[in-house]
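Coordinate inspection notes
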Amino acid sequence: MEESDVEQDEERPLKSSDDDEDELSGLDIPEAKLPVLRSIGSERGEEAEKLAIREELSALTFEELQKLKEKIGSKKFNQTLIGVKKKPQVRTDFKRANPNRPREISSKSRRIEPKVAIQVPKVFRSDPRFDNLCGEFHEKKFYKNYDFVNKMKEDEVKKLKEELREETNPRRTEKIKYLIQRMENQIRSEKMRKLEEEKQEEEKQITIDALKEGKSPYFATKAARKERNLKEKFDSLKEEGRLNQYMAKKRKHNAQRDRRHMPSEDY
């Protein structure tokens, strides 16, 4: 043995029985009952020490055992009485028998491989309907500026009707009929919107004239407007000769509605 090793052994503090005596001091247990615990530094085997300690503890009362446990701690008391069980460390080999098989990785220490992030250039698309830079939406100005679209639709309907007369393919015929009906409904709804706008402007002008003359203005209620619109609709149907057809369709619809709410024979 070299001189440096001897010096290190001399400097290292040795475990003596004085430390154990200091740890067990203050107990009301006579020293004759715990000779093994007070002389742990003696050269003995672990199994012999365990048996001797168990024999000593078996002779103590419950009160003395409780005092000893509180003095040295429950963990150290259990380790002294039972001993420390060392679990064998089993190393798992995660090597693959075949390189084509998937890699087996432990779930406790999972290695996360860094992924290469590809920066894709972001494309910014602006919608003029929700963009403040495009200004605010004015309904009257919009319909006034795009009034030519309705005229284009009327011309398109005429062309489609001419094409329908010459078409022989049934699938193409159904498609043309659908387009004609759709565009006619759009034209009809636009005409109704214009008519309603003209009525509102007329009512507004009547109110302004009444205020200028010093009279109290008249504001029509929803019920009065509905009654007026219904009357105008009947008058227009009567002029076009479609009033009887409209009334027959209306009666059929009302009959189906009443039949739906009537109680069945099962009740």
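Now for a quick tour of the structure. (Residues numbered from 1 in each chain as written. Predicted model: local features only at pLDDT ≥ 70, side-chain atom pairs only at ≥ 80, totals over all residues. Heavy atoms only, no water.)

Considering the packing of helix H7 (residues 148-166) against helix H8 (residues 170-213)
Cut-off, in case you're wondering: Helix axes are fitted only over the stretch in contact, all axes being lines through C-alpha atoms; the angle between N-to-C directions runs from 0 to 180 degrees. Numbered from the N terminus, helices here are DSSP runs of H or I no shorter than four residues, and strands are runs of E no shorter than two. Oblique is the label for any angle not covered by the other classes, which are roughly parallel (under 35 degrees), roughly antiparallel (over 145) and roughly perpendicular (65 to 115). Take the far helix as your reference; a near helix turned counterclockwise from it by less than a right angle gives a left-handed crossing, and one turned clockwise gives a right-handed crossing. Every residue pair with non-hydrogen atoms within 4.5 Å of one another is taken to be in contact.
Contact geometry of H7 with H8 gives a least axis separation of 10 Å together with a crossing angle of 155°. Judged by the angle between their axes, H7 and H8 are roughly antiparallel. Both H7 and H8 take part in a crossing whose hand is left-handed. Taken together, the residues of H8 that come into contact with H7 (itself represented by Asn150, Lys153, Glu154, Glu156, Val157, Leu160, Lys161, Glu163 and Leu164) are Arg172, Thr173, Ile176, Lys177, Leu179, Ile180, Met183, Glu184, Gln186, Ile187, Glu190 and Lys191.

Regarding the side chain of Thr207
Defined as follows: Exposed residues in this analysis have more than 50% of their type's maximum accessible area, buried residues have under 20%, and partly exposed residues fall in between, with area computed by a 1.4 Å probe over protein chains only. Whenever a nitrogen or oxygen atom comes within 3.5 Å of another N or O atom, the pair is scored as a polar contact, on the condition that within protein one atom can donate a hydrogen and the other can accept it, and that pairs from neighbouring residues in sequence are kept only if both atoms are in side chains.
Along the chain, the position of Thr207 falls in helix H8. Its relative accessible area of 14% is what places Thr207 among the buried residues. A polar contact of 2.9 Å, which involves the side chain of Thr207, links it to the backbone oxygen of Glu203. If we ignore the near neighbours within four places in the chain, the residues touching Thr207 are Pro217, Tyr218 and Phe219.

A short note on the side chain of Lys199
Examined against the element boundaries, Lys199 turns out to sit in helix H8. Classification of Lys199 by relative accessible area gives buried; the value is 12%. Not counting the four nearest positions on each side in its chain, Lys199 is found in contact with Arg228, Asn229 and Glu232.

With respect to the layout of surface pockets
To find the voids left in a structure, one rolls a probe of water-molecule size over its atoms. Condition: Only protein atoms enter the 1 Å grid used here. Points where a 1.4 Å probe fits but cannot escape make up a cavity, open sets with protein on both sides within 12 Å along at least five of seven lines make up a pocket, and a residue lines them when an atom lies within 4 Å of a point. Grid points are joined across faces, edges and corners, and a volume is the space filled by probe spheres set on the points. In this classification, the charged set is Asp, Glu, Lys and Arg, the nonpolar set is Ala, Val, Leu, Ile, Met, Phe, Trp, Tyr, Cys and Pro, and all remaining amino acids, among them Gly, are polar. Each domain's extent is set by a domain assignment, obtained either automatically or from a database.
Considered as a void within the structure, the largest pocket measures approximately 1000 Å³ in volume. Lining the largest pocket are 23 residues; nearest its centre among them are Arg188, Met192, Lys233, Ser236 and Arg242. Among the elements of the structure, H7, H8, helix H9 (222-240) and helix H10 (243-261) are those that each provide at least two residues to the lining of the largest pocket. Grouping the amino acids of the lining of the largest pocket by side-chain chemistry returns seven nonpolar, three polar and 13 charged. Two domains each put at least three residues into the lining of the largest pocket: domain 2 (140-219) and domain 3 (222-256).

Some details on the pattern of salt bridges
To keep things clear, this is the line we draw: Any Lys or Arg side-chain nitrogen located within 4 Å of an Asp or Glu carboxyl oxygen qualifies as a salt bridge.
Enumeration over the complete set of coordinates arrives at 12 salt bridges. With its nearest N and O atoms 2.8 Å apart, the salt bridge here joins Asp147 to Lys194. Of the two residues, Asp147 is situated in the loop between helix H6 (139-145) and H7 and Lys194 in helix H8; the sequence distance between them amounts to 47 residues. Overall, the relative accessible area of 32% leaves Lys194 in the partly exposed class. The partner of Glu197 in a salt bridge is Arg193, and the shortest N-O contact between them spans 2.9 Å.

Some thoughts on the packing of aromatic side chains
Note the threshold: Between rings of Phe, Tyr and Trp, where Trp is taken as its six-membered ring, a pair exists when centres lie within 6.5 Å; planes separated by under 30 degrees are stacked, by over 60 edge-to-face, and by other angles tilted.
For the coordinates displayed, the defined rule picks out five aromatic pairs. Pairing Phe137 with Phe142 gives two aromatic rings, centres 5.6 Å apart and planes at 55°, and the pair type is tilted. By relative accessible area, which is 62% here, Phe137 ends up exposed. Accessibility expressed as a relative area gives 35% for Phe142, which makes it partly exposed. Both rings, one in Phe234 and one in Tyr246, keep their centres 6.0 Å apart while their planes meet at 90°; by these two values the pair is edge-to-face. You can see Phe234 sitting in helix H9 and its partner Tyr246 sitting in helix H10, a full 12 residues away along the chain.

Considerations on the packing of H8 against H9
The packing of two helices is summarised by the inter-axis angle and the distance between the axes. Two elements in contact, H8 and H9, have axes separated by 13 Å at closest approach and are oriented at 130°. The orientation of H8 with respect to H9, classified from their angle, is oblique. The hand of the H8/H9 crossing is right-handed. Of H9, the residues touching H8 (which contributes Glu196, Lys199 and Glu203) are Arg225, Arg228, Asn229 and Glu232. In terms of residue class, the contact of H8 with H9 is built from no nonpolar, one polar and six charged.

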